[in-house]
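As a plain string of letters, each chain reads:
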Amino acid sequence: MLRFCRRINMFKTNHATVMLIKLCGQLLSRTKQSTNTTIITRNMSTRLFESSDHAKYYAQFRPDYPDTVVKSIVDYCKLSNNDIDTAIDIGCGTGQSTYSLKTYFKNVFGVDVSEKQIEQAKLKYHDIKFTVGPAEDLSFLESGSVNLITTAQALHWMNHEAFYEEVDRVLRPGGVLAVYGYGIPVENKKEAHNLVSHFYSQTLSEYWSKERKFIEQHYQSFHLPYDGWIRNDELEIVKNWSVDQYTGYITSWSAWQKYLKSYPESKDLQTLHEQLLSLYPNEEIMTIRWPIFMLLGTKPTA
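Residues numbered from 1 in each chain as written. Predicted model: local features only at pLDDT ≥ 70, side-chain atom pairs only at ≥ 80, totals over all residues. Heavy atoms only, no water.

Enquirer: I'm lost on the overall build of the chain in this one. Help?
Expert: Within the chain one finds 12 helices and 9 strands. For the chain, the residues scored as buried account for 55% of the 302 residues in total. Taking contacts inside the chain between residues at least 6 apart in sequence as the whole, the part at least 24 apart equals 80%. (Helix = DSSP H or I, 4+ residues; strand = E, 2+ residues; numbered from the N terminus. Buried < 20%, exposed > 50% of the residue type's maximum accessible area, 1.4 Å probe, protein only. Contact = heavy atoms within 4.5 Å.)

Shown next, in the form of structure tokens:
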């Protein structure tokens, strides 16, 4: 975040620039909660989050998944009498979702196409084997060596055919592929939701990647490669955050990062921040909910 502030200062200083620098200072001084991120690939891996600053925003501000997500995946693994031994998280980002697997699995690997994301992951989690590489090339793993493959908020970047071929190669019979993510946030006040929705869909409309629509649709058009795969849409992320924390989360949006490159002196985020503060005065806490979607499939045993 500090680099973000310094980078802004490189441009011509005016009122808008000063306001953004002040906002950075507020977020640095008042936001302390680390949150989650995961992102990955497309036709041999889209490199969307290469910036070291952007990787740090992800590590600091993205919401982490509740324990019920991993618990649901592990329960599904047990249905096929699958051993709880080796798991690999594809598109691991800075490693938070990868680390949650350590509670259940003896051996855990994290893979991401972004070197910067992996650098952040290695700094925080020393007992996980992190690797830089595309989802479609898992050649560092032996065939039939993995019990579980997870990928969070990442399948829409991948070449599905190539990825599924690698999944089928490295999974043991009875092994599980778990794909999940979260949708657009819903704030606890309608006025706040309207403000954020306008910023998301109007201000940043031209700066979201075309693949973003699959997240908005909760992967409804996606299918797993194994017969009998299922969906679980019953879980959600719930966070009680300050306005500063929530604004920090918005800074991690890829569309905002792109927008800022086109309009480095923009005060749109500062304006949104001030509007939210007026709706949540006196350090009132926001409650934000993200719907979770999950696809689960099992490799046949015969």
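Additional details are given in the paragraphs that follow.
Enquirer: Explanation requested: the environment of Arg172 in the structure shown.
Expert: Along the polypeptide, Arg172 turns up in strand β5 (residues 171-182). For Arg172 and Lys299, which are 127 residues apart along the polypeptide, the C-alpha to C-alpha distance reads 7.5 Å. In this structure Arg172 touches Asp85, Thr86, Gly144, Ser145, Val146, Asn147 and Lys299, once residues within four positions along its chain are discounted. In this structure the side chain of Arg172 is engaged in a polar contact, spanning 3.4 Å, whose partner is the backbone oxygen of Ser145. (Polar contact = N/O pair within 3.5 Å; in protein donor to acceptor, adjacent residues only side chain to side chain.)

Enquirer: How should helix α10 (residues 243-251) be read in this particular structure?
Expert: Three or four residues apart is the spacing at which side chains of an α-helix point the same way, because the helix has 3.6 residues per turn. In terms of burial, α10 is a largely internal element, 9 of the 9 residues being buried. Among all positions in α10, only Val243, Asp244, Gln245, Tyr246, Thr247, Gly248, Tyr249, Ile250 and Thr251 are buried.

Enquirer: Honestly, the pattern of salt bridges in this entry has me stumped. Any pointers?
Expert: Pairing between side chains of opposite charge can happen when the charged atoms of each approach one another. What the rule picks out here adds up to 8 salt bridges. Measuring nitrogen to oxygen at the nearest pair gives 3.1 Å for the salt bridge that ties Glu284 to Lys189. Of this pair, Glu284 sits in the loop between α12 (268-279) and β9 (286-298) while Lys189 sits in the loop between β6 (186-187) and α8 (190-203), and the two are 95 residues apart along the sequence. Classification of Glu284 as partly exposed rests on a relative accessible area of 31%. Judged by relative accessible area, which is 22%, Lys189 ranks as partly exposed. In this structure, Arg231 engages Asp233 in a salt bridge whose closest nitrogen and oxygen atoms are separated by 2.8 Å. By relative accessible area, Arg231 is classed as partly exposed at 26%. (Salt bridge = Lys/Arg side-chain N within 4 Å of Asp/Glu carboxyl O.)

Enquirer: It is not clear to me how unusual backbone geometry should be interpreted in this structure. Could you clarify?
Expert: With glycine set apart, most residues show a phi of negative sign, and most peptide bonds adopt trans. Even without being a glycine, Tyr219 presents a positive backbone phi close to 60°. Within the secondary structure layout, Tyr219 lies in the loop between α9 (212-216) and β7 (230-232). You can call Tyr219 buried: its relative accessible area is 0%. Backbone geometry at Glu283 places phi at a positive 60°, although glycine is not the residue there. Here Glu283 shows up in the loop between α12 and β9. Here Glu283 falls in the exposed class, since its relative accessible area comes to 70%.

Enquirer: Help me understand the packing of α10 against α12 in this model?
Expert: Between two packed helices, both the angle of their axes relative to each other and the distance between the axes serve to describe the pair. Between α10 and α12, whose axes approach to 10 Å, the crossing angle comes to 150°. One finds that α10 runs roughly antiparallel with respect to α12. For the crossing formed where α10 meets α12, the hand is right-handed. Residues Val243, Asp244, Tyr246, Thr247, Ile250 and Thr251 of α10 touch α12, and the partners they reach there are Leu269, Leu272, His273, Leu276 and Leu277. Of the residues contributing to the contact of α10 with α12, the split by class is 7 nonpolar, 3 polar and 1 charged. (Axes fitted to C-alpha atoms, helices over the stretch in contact; angles between N-to-C directions. Parallel < 35°, antiparallel > 145°, perpendicular 65-115°, else oblique. Left-handed = near helix turned anticlockwise from the far one by under 90°. Nonpolar A, V, L, I, M, F, W, Y, C, P; charged D, E, K, R; others polar.)

Enquirer: Just to check I follow, could you spell out the packing of aromatic side chains for this structure?
Expert: Applying the stated criterion across every chain, the model contains 23 aromatic pairs. Between Trp241 and Tyr249, the ring centres sit 6.0 Å apart and the planes meet at 50°, which makes this aromatic pair tilted. With respect to burial, Trp241 and Tyr249 carry one shared label: buried. The lysine or arginine in question, Lys189, covers the ring of Tyr280, its NZ or CZ lying 4.5 Å from the ring centre. (Phe/Tyr/Trp six-rings, centres within 6.5 Å; stacked < 30°, edge-to-face > 60°. Lys NZ or Arg CZ within 6 Å of the ring centre and 35° of its normal.)

Enquirer: Explain the packing of α8 against α12 to me, please; I cannot follow it from the model alone.
Expert: Here α8 crosses α12 at 170°, and the two axes come no closer than 9 Å. When the interaxial angle is binned, α8 and α12 end up roughly antiparallel. Side by side, α8 and α12 meet where Glu191, Ala192, Leu195, Val196, Phe199 and Thr203 of the first sit next to Asp268, Leu269, Leu272, Gln275, Leu276 and Leu279 of the second. Of the residues in the contact of α8 with α12, the class split is 8 nonpolar, 2 polar and 2 charged.

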